[in-house]
Amino acid sequence: MLKQRVITGLILAVSFLVALFALPTYGFIALITAVLAYAAWEWSHLAGLTSRAGRGLYLFAVIAIAAALGVYLGFEQDILLTEKPRFLLLIACIWWAIAVLWVQSFPSSAILWGRRWLCLLMGVFVLLPMWLAFAGLMSLAEGPQLVLAVVLLVALADIGGYFVGRAIGRTKLAPKVSPGKTWEGLLGGQLAIVLVVGTTASFLDLDAARAGLWLGLAMVTGLASVLGDLLESMVKRHRGVKDSGTILPGHGGVLDRIDGLTAALPVFSLILSLLYSRL
């Protein structure tokens, strides 16, 4: 299982890097749209839809909303720095703030979101802001580098949390949602981010103010990624399944690989948009 997981992980990493830096911007956004579609397919199952027709309808509804957003916002250089996407990302971040309360109070909170149609609606708020953030970041000149930075931050939070949690983790973070996560692991992920971002800032010779802003942005993004992970775990636990799917050998489903990004990307993109001129 470990060998299979490592092989799949390497294939995914190489494929992602090639797509990010080799494809034209619209090509990469098209690829992300395909990922969004499959993630919506998996979410429909987590929400309780069992028929292929129903799941397909939900998939197309999510893609249709994404297309409508694209038409509404337009796509031009630096679109992320304008008011329309900022407002939508702000709504997304408010939603994630509410999600914190739902995760904390699970399973009692399921009365608020556990019904099928409510869970399907929640999937829209989970998936579409991630797609919007991807597209917005790619509109910037440094788009590929920024997207890669978010992915690496999520990976740092995950890896640091895993190893520190296994070594010294004692205090459960959300035992009714994800028993394996601990407060010590959360701090370990933050420490990994501080070390890597601090070292990078020093290497790039950033002044103290800019380094501090980047470090703060990185830490908040790392914390958001943990929330994204916990939210998907909450929905899976409510549904009674271990993974969102089986398409990725050793890793489960697409949602299992992008759960941290669903929260991290909107948070990162909104803060970046607001602070862009100072970073």
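Above this text is the structure in question.
As the structure is a computational prediction, the values presented were derived from the model and not from experiment.

1. Considering the nonpolar core
Judged by nonpolar contacts, the single largest core of 78 residues is most densely connected at Trp43, Trp113, Met122, Leu137, Leu231 and Leu272. Per element, the largest residue contribution to this core is 15 residues, and it comes from helix 6 (residues 116-138). In this view, Trp43 contacts Tyr58, Cys119, Leu120, Met122, Gly123, Val126, Leu127, Leu231, Val235 and Leu255; residues no more than four positions away in its chain are not counted.

2. Remarks on a nonpolar patch on the surface
Together, Phe87, Leu90, Ile91, Ile94, Ile98, Trp117, Leu121 and Phe125 make up a nonpolar patch on the protein surface, roughly 760 Å² of accessible area in all. Of all elements in the fold, only helix 4 (83-104) and helix 6 reach the threshold of two or more residues within the nonpolar patch. Ranked by the residues each element gives to the nonpolar patch, the list is headed by helix 4, at five residues. Position of Phe125 relative to the elements: it lies in helix 6.

3. Observations concerning unusual backbone geometry
Glycine aside, residues mostly have negative phi angles, and peptide bonds mostly take the trans form. Going from Phe106 to Pro107, the amide bond is cis rather than trans, its omega being 10°. Relative to the elements of secondary structure, Pro107 occurs in the loop between helix 4 and helix 5 (110-113). Positive phi values are uncommon outside glycine, yet Asp78 reaches one of about 65°. Positionally, Asp78 belongs in the loop between helix 3 (52-73) and helix 4. You will see that Asp205, though not glycine, has its phi angle at about 60°, which is positive. Turning to its location among the elements, Asp205 is positioned in the loop between helix 8 (183-203) and helix 9 (208-239).

4. A look at the pattern of salt bridges
Here the structure, examined in full by the defined rule, presents five salt bridges. One salt bridge connects Glu83 with Arg86, and the closest N-O pair in it is separated by 3.1 Å. Here the residue Glu83 and the residue Arg86 both occupy positions in helix 4, the gap between them amounting to three residues, near one helical turn. Looking at Glu83, the relative accessible area reads 56%, which means it is exposed. One salt bridge connects Glu232 with Lys236, and the closest N-O pair in it is separated by 3.9 Å. Of the two residues, Glu232 and Lys236 both sit in helix 9, four residues apart, roughly one turn of that helix. Residue classification places Glu232 among the buried positions, given a relative accessible area of 3%.

5. Concerning helix 8
Over its 21 residues, helix 8 extends 30 Å from the first C-alpha to the last, a length consistent with the 30 Å expected when each residue adds 1.5 Å. When we look at burial in helix 8, the residues that qualify are Glu184, Gly185, Leu186, Gly188, Gly189, Gln190, Ala192, Ile193, Val197 and Ala201. For helix 8, the secondary structure elements touched by its buried residues are helix 7 (143-168), strand 1 (172-174), strand 2 (178-182) and helix 9. Downstream of helix 8 by a residue or two, Asp205 has a phi angle that is positive, lying close to 60°.

6. Some words on the packing of aromatic side chains
Evaluated as defined, the whole model comprises eight aromatic pairs. Judged by centre distance (5.2 Å) and plane angle (80°), the rings of Tyr162 and Phe163 are edge-to-face. Note on Phe163: relative accessible area 55%, which makes it exposed. Taken together, Trp95, Trp96, Trp102 and Phe125 form an aromatic cluster joined through their ring pairs. We note Arg55 situated over the ring of Trp41; from NZ or CZ to the ring centre the distance is 4.1 Å. Positioned over the ring face of Tyr72 is Lys84, at 4.5 Å from the centre of the ring.

7. Structural notes on the packing of helix 3 against helix 6
It is the contact of helix 3 with helix 6, at a shortest axis distance of 11 Å, that shows an interaxial angle of 45°. One element, helix 3, and the other, helix 6, form an angle in the oblique class. Two packed elements cross with a definite hand, and for helix 3 against helix 6 that hand is right-handed. Taken together, the residues of helix 6 that come into contact with helix 3 (itself represented by Tyr58, Val62, Ile65, Ala66, Leu69, Gly70 and Leu73) are Leu120, Gly123, Val124, Leu128, Trp131 and Leu132. In terms of residue class, the contact of helix 3 with helix 6 is made up of 11 nonpolar, two polar and no charged.

8. Examining helix 6
Taking 1.5 Å as the rise per residue, helix 6 with 23 residues should run 33 Å; its terminal C-alpha atoms sit 34 Å apart, in good agreement. Helix 6 sits mainly inside the fold: 18 of its 23 residues count as buried.

9. Quick notes on the side chain of Glu42
With respect to the helices, strands and loops of the structure, Glu42 is situated in helix 2 (residues 25-47). Notably, Glu42 is buried but unbridged: the nearest opposite-charge side chain belongs to Arg55, and the N-O separation is 7.1 Å.

Calculation rules
Residues numbered from 1 in each chain as written. Predicted model: local features only at pLDDT ≥ 70, side-chain atom pairs only at ≥ 80, totals over all residues. Heavy atoms only, no water. Core = buried A, V, L, I, M, F, W, Y, C linked by side-chain atoms within 4.5 Å. Buried < 20%, exposed > 50% of the residue type's maximum accessible area, 1.4 Å probe, protein only. Helix = DSSP H or I, 4+ residues; strand = E, 2+ residues; numbered from the N terminus. Contact = heavy atoms within 4.5 Å. Patch = residues over 30% accessible without salt bridge, like charges linked within 9 Å, V, L, I, M, F, W, Y side chains within 5 Å. Areas by Shrake-Rupley, 256 points an atom, 1.4 Å probe, with all protein chains shown as cover. Salt bridge = Lys/Arg side-chain N within 4 Å of Asp/Glu carboxyl O. Expected span 1.5 Å × (residues − 1). Phe/Tyr/Trp six-rings, centres within 6.5 Å; stacked < 30°, edge-to-face > 60°. Lys NZ or Arg CZ within 6 Å of the ring centre and 35° of its normal. Axes fitted to C-alpha atoms, helices over the stretch in contact; angles between N-to-C directions. Parallel < 35°, antiparallel > 145°, perpendicular 65-115°, else oblique. Left-handed = near helix turned anticlockwise from the far one by under 90°. Nonpolar A, V, L, I, M, F, W, Y, C, P; charged D, E, K, R; others polar. Lys, Arg positive; Asp, Glu negative; His and termini not counted.

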